[in-house]
Amino acid sequence: MADALVEAIADLKEEEAVRIARERLGAGEDPLKILEDGRKAMEIVGRRYADKEYFLPDLIYSGEILSKISEMSKSRLLKASQRQRLGKCVIGTVAGDIHDIGKNIVVFMLDIHGFEVHDLGVDVPPQKFVKKIQETKAEIVALSGFLTLAFDSMKETIQAISDAGLRGRVKIMIGGGQIDEKVRDYSKADAYGTDAMSAVTLAREWVGAK
Amino acid sequence: MSGEKSPEQLYEEREKRIGDAIRLKVPDRVPVLLGFGYFPAKYAGITCEAAYYDPAKWRWASRKTVLDFEPDFYRAAIGAFSGLALEALNTKQMKWPGHGVPPDHCHQFVEGEYMKENEYDALLSDPSDFAVRTYLPRVFGSLAPFEKLPPLKTLSFGSATTLISQLATPGFAEAFDLLLRAANEAAKWSSAASSFDDEMASLGFPCHARALSQAPFDVVSDYLRGMRGAMIDMYRQPDKLIQVCEMLLPMLVERASADASKGASGRVFIPLHRGADGFMSLKQFETFYWPTLKRLILALVERGLTPSPFFEGDYTTRLEHLGELPKGRILCHFDVTDMSRAKEVLGDRLCVMGNVPSSLLQIGTVREVKDYCKRLIDVAGKDGGFIMTHRSSIDEANPANIKAMIDFTKEYGVYD
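Residues numbered from 1 in each chain as written. Chains lettered and ligands numbered in written order. Predicted model: local features only at pLDDT ≥ 70, side-chain atom pairs only at ≥ 80, totals over all residues.

**With respect to the overall build of chain B**
When helices and strands are tallied, chain B shows 19 helices and 11 strands. In terms of overall size, chain B behaves like a compact globule, its C-alpha atoms giving a radius of gyration of 22 Å where 416 residues would be expected to give roughly 22 Å. The principal-axis extent of the C-alpha atoms belonging to chain B is close to 70 × 45 × 35 Å. Counting over 416 residues, chain B shows a buried share of 47%. (Helix = DSSP H or I, 4+ residues; strand = E, 2+ residues; numbered from the N terminus. Rg over C-alpha atoms; globule rule 2.2 N^0.38 Å. Buried ≥ 20, exposed ≤ 12 C-beta atoms within 10 Å, placed from the backbone.)

Right under this line is the structure:
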């Protein structure tokens, strides 16, 4: 049963998922098919997260199960997913801030929803964003921040993107625990969000995906 | 007008106002808390670094902040400590202004798996041994030689000579030197900083709390396993995770009770991190987070103390659980939780405090701040049981907006 693995991962049944994957690999099945099932399972996980059926522990645990299975398949999931990407996104936590929980969920959700995500990590200076946008030709930029000092860092980052003549080419979203319309207006971002699903909705809207 | 009253009278008046609100009696007006964090740096024109390296200057800026804004009570920067002591210990768990983060930024916590997934049994069977030989060497690089100690229980009752010869090795001598240096620096820093609350009391200003505690789950998540580790443990070893929370509970109660006895108010600040709506499901909250947090709060109340949890993030779906807490004995500070819903669910049981957005205080106008405060007082302040304050940090706030929040509350928040 091809769906048994998808189901086991999506239902967070680690032992079962590992057992099925091992059996299928042992029977000589193409590891890429296993990884493709893993991707399908992650889509279900993402949907359940969006529906508030799953939360952060479930998301983290599903990633843990998947990486175990990817490891067994001796191939990276990223390589397997040669499918068409909806668009490119450069993301990072802005300068001065090292919080990454929210950003990492957004990276995860954008990835499983078909975006090519370039994660610059935390405490990212404005010029690093600019360089990455030039290099990847990404059309979406996502700035994350938890501290109140991030308001200014976001503003400075967006200014740097404008100064580099890239503002017309990208749509910029900001997000974080204390982010609201006030901060969006202040930073001159195009939109803001306070959860990972709104990042996906915005990104899909911006690349014209249905 | 306030100039006619003595600081003692003002202190009593403010404590009564706060106490009335907490006990759900209608006070003379809505009290207001200023949890200023690193705000004094920007306000007084110094850097946050002073909180760690120049306690006298930091104290001056903090005092100026309280005296200029005159809140009913205040909360000073949490986490500030002697920078030189932290350096001597080679502290891994924190970056602080001037050391890892720029001098004008706030400190930031460096979370990690300082306890590994297979170490629950070691912690449960002998927590002191685990702390000394495993945990402290990981969070303080200078104490790394402690890892080489034999199990502490083998050293007790008669075999002290083993310990003494162990301590003579070069690594230990250096570790003890650094520990002593850290202790001396900490003592210097404390003597300049710690009596701040006494001084402010003598000037008429109560502090929010002299004791701090945490939810047992947060102790595991923040300090021991890291968020990721703790969340995976919810699946892979849920019983052990709960056992550790149970083990931590009496330790936390004891510690908070001892600290709270230093101040007359008996308030205990409990900043909460990982129990919010966005972090875990209601079911997970009910399994891993709430049971030991609730018992912590109840145990503190039983000792005559007043727990003051800060529900960081959104707790709107958890409000019914908070309603299980004893009436009029808790001060609940909310962050982004819907305040009208909080008032509706908890209004006849618990005092609610909150929640002017940081963004508004930082980049909004005075008019907008006043409008927000007016709505809060109208809705959450109805019939008492409400204290005005901001959400989380106001480190970067515009002083004019802080002033507006406090002065407007004093003017509009008067009960007839």
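**Section: helix 7 (residues 126-136) of chain A**
All names here are of chain A. Residues Pro126, Phe129, Val130 and Ile133 constitute the buried set of helix 7. For helix 7, the buried positions fall inside an angular range of 100 degrees around the axis, keeping them on one side. Opposite the buried face of helix 7, by more than 90 degrees, sit the exposed residues Gln127 and Glu135. For helix 7, the secondary structure elements touched by its buried residues are strand 1 (87-93), strand 3 (140-144) and helix 8 (150-163). Lys137 sits one or two positions beyond helix 7 and adopts a positive phi of about 55 degrees. (Arc of directions from axis to C-beta. Contact = placed C-beta atoms within 7 Å.)

**A few points about the interface of chain B and chain A**
Counting residues at the interface gives 27 residues for chain B, matched by 21 residues for chain A. Among the secondary structure elements, those contributing two or more residues to the side of chain B that touches chain A are helix 12 (226-236) and helix 17 (358-363) of chain B. At six residues, helix 12 of chain B tops the list of elements feeding residues into the side of chain B that touches chain A.

**So, helix 11 (residues 216-224) of chain B**
Residue and element names in this part refer to chain B. Among the nine residues in helix 11, eight count as buried, and that is most of the element. Among all positions of helix 11, only Pro216, Phe217, Asp218, Val219, Val220, Ser221, Asp222 and Leu224 are buried. The inward-facing, buried residues of helix 11 abut helix 12, helix 13 (238-260), strand 7 (267-272) and helix 14 (282-302). Gly226 sits one or two positions beyond helix 11 and adopts a positive phi of about 75 degrees.

**A look at the sheet that holds strand 5 (residues 108-109) of chain B**
Residues and elements named next belong to chain B. As summarised here, the arrangement of the three strands in space is 4-3-5, forming an open sheet in which the pairing is mixed. The sheet is open, and its two edges are formed by strand 4 (100-101) and strand 5, each paired on a single side. Of the strand pairs in this sheet, strand 3 (residues 94-97) and strand 5 are connected by two bridges, and their pairing is antiparallel. The residue of strand 5 that forms the bridge with Lys95 is Gln108. (Pairing = 2+ DSSP bridges.)

**Notes on the packing of helix 7 of chain A against helix 8 of chain A**
Residue and element names in this part refer to chain A. It is at 8 Å that the axes of helix 7 and helix 8 come closest, and there the two elements cross at 40 degrees. In terms of orientation, helix 7 lies oblique with respect to helix 8. Handedness of the helix 7/helix 8 crossing: right-handed. The residues of helix 8 that touch helix 7, namely those facing Pro126, Gln127, Phe129, Val130 and Ile133, are Glu156, Thr157, Ala160 and Ile161. Of the residues assigned to the contact of helix 7 with helix 8, the class counts are six nonpolar, two polar and one charged. (Axes fitted to C-alpha atoms, helices over the stretch in contact; angles between N-to-C directions. Parallel < 35°, antiparallel > 145°, perpendicular 65-115°, else oblique. Left-handed = near helix turned anticlockwise from the far one by under 90°. Nonpolar A, V, L, I, M, F, W, Y, C, P; charged D, E, K, R; others polar.)

**Notes on the packing of helix 6 (residues 101-112) of chain A against helix 10 (residues 196-206) of chain A**
Pairs of packed helices are described in terms of their axes, by the angle between the two and the distance that separates them. All names here are of chain A. Relative to each other, helix 6 and helix 10 sit at 45 degrees, their axes nearing to 9 Å. By the angle between their axes, helix 6 is oblique relative to helix 10. Once helix 6 is placed against helix 10, the crossing between them reads as right-handed. For the pair helix 6 and helix 10, the contacting residues are Ile105, Val106, Met109 and Leu110 in the first and Ala196, Met197, Ala199, Val200 and Ala203 in the second. Here the contact of helix 6 with helix 10 is built from residues that sort into nine nonpolar, no polar and no charged.

**Some remarks on the sheet that holds strand 3 of chain A**
Residue and element names in this part refer to chain A. The five strands lie next to each other as 2-1-3-4-5, forming an open sheet whose pairing is parallel. Strands with a single pairing partner mark the edges of an open sheet, and in this sheet they are strand 2 (115-119) and strand 5 (191-193). Each strand of the sheet is rotated relative to its neighbour by a mean of 25 degrees, with strand direction disregarded. Pairing analysis gives three bridges linking strand 4 (residues 171-175) to strand 5, with the strands arranged parallel. The residue of strand 5 that forms the bridge with Met173 is Ala191. Strands in contact with helix 7 are strand 1, strand 2 and strand 3; relative to strand 1, the strand with the most contacts, it is inclined by about 165 degrees.

**A look at the domain arrangement of chain A**
Residue and element names in this part refer to chain A. According to the domain assignment, chain A consists of domain 1 (2-80) and domain 2 (87-206). Averaged C-alpha coordinates put domain 1 and domain 2 at centres separated by 28 Å. Counting residues at the interface gives six residues for domain 1, matched by six residues for domain 2. At the level of elements, helix 3 (31-50) and helix 4 (56-72) are the ones that each hand at least two residues to the side of domain 1 that touches domain 2. Residue composition of the side of domain 1 that touches domain 2, grouped by class: three nonpolar, two polar and one charged. (Domains from an automatic or database assignment.)

**A word on unusual backbone geometry**
Generally, phi is negative for residues other than glycine and the peptide bonds are trans, each holding for most cases. Residue and element names in this part refer to chain A. The backbone of Lys52 sits at a positive phi, close to 60 degrees, despite the residue not being glycine. Mapping Lys52 onto the fold places it in the loop between helix 3 and helix 4. In this model, Lys188 sits at a positive phi of 70 degrees, which is unusual for a non-glycine residue. Topologically, Lys188 is positioned in the loop between helix 9 (181-187) and strand 5.

**Structural notes on the pairing of strand 7 of chain B**
All names here are of chain B. Of all six residues that make up strand 7, five are buried, and the element is covered over most of its length. By the bridge criterion, two bridges tie strand 6 (residues 211-212) to strand 7 in an arrangement that is parallel. Residue pairing across strands places Leu212 opposite Phe269, the latter belonging to strand 7. In this structure, strand 7 lies alongside strand 8 (residues 306-311), joined through six bridges in parallel fashion. Opposite Arg267, over in strand 8, you have Thr306 as the bridge partner. The handedness of the strand 7 to strand 8 crossover, carried by helix 14, is right-handed. (Right-handed = clockwise from strand over helix to strand, strands pointing away.)

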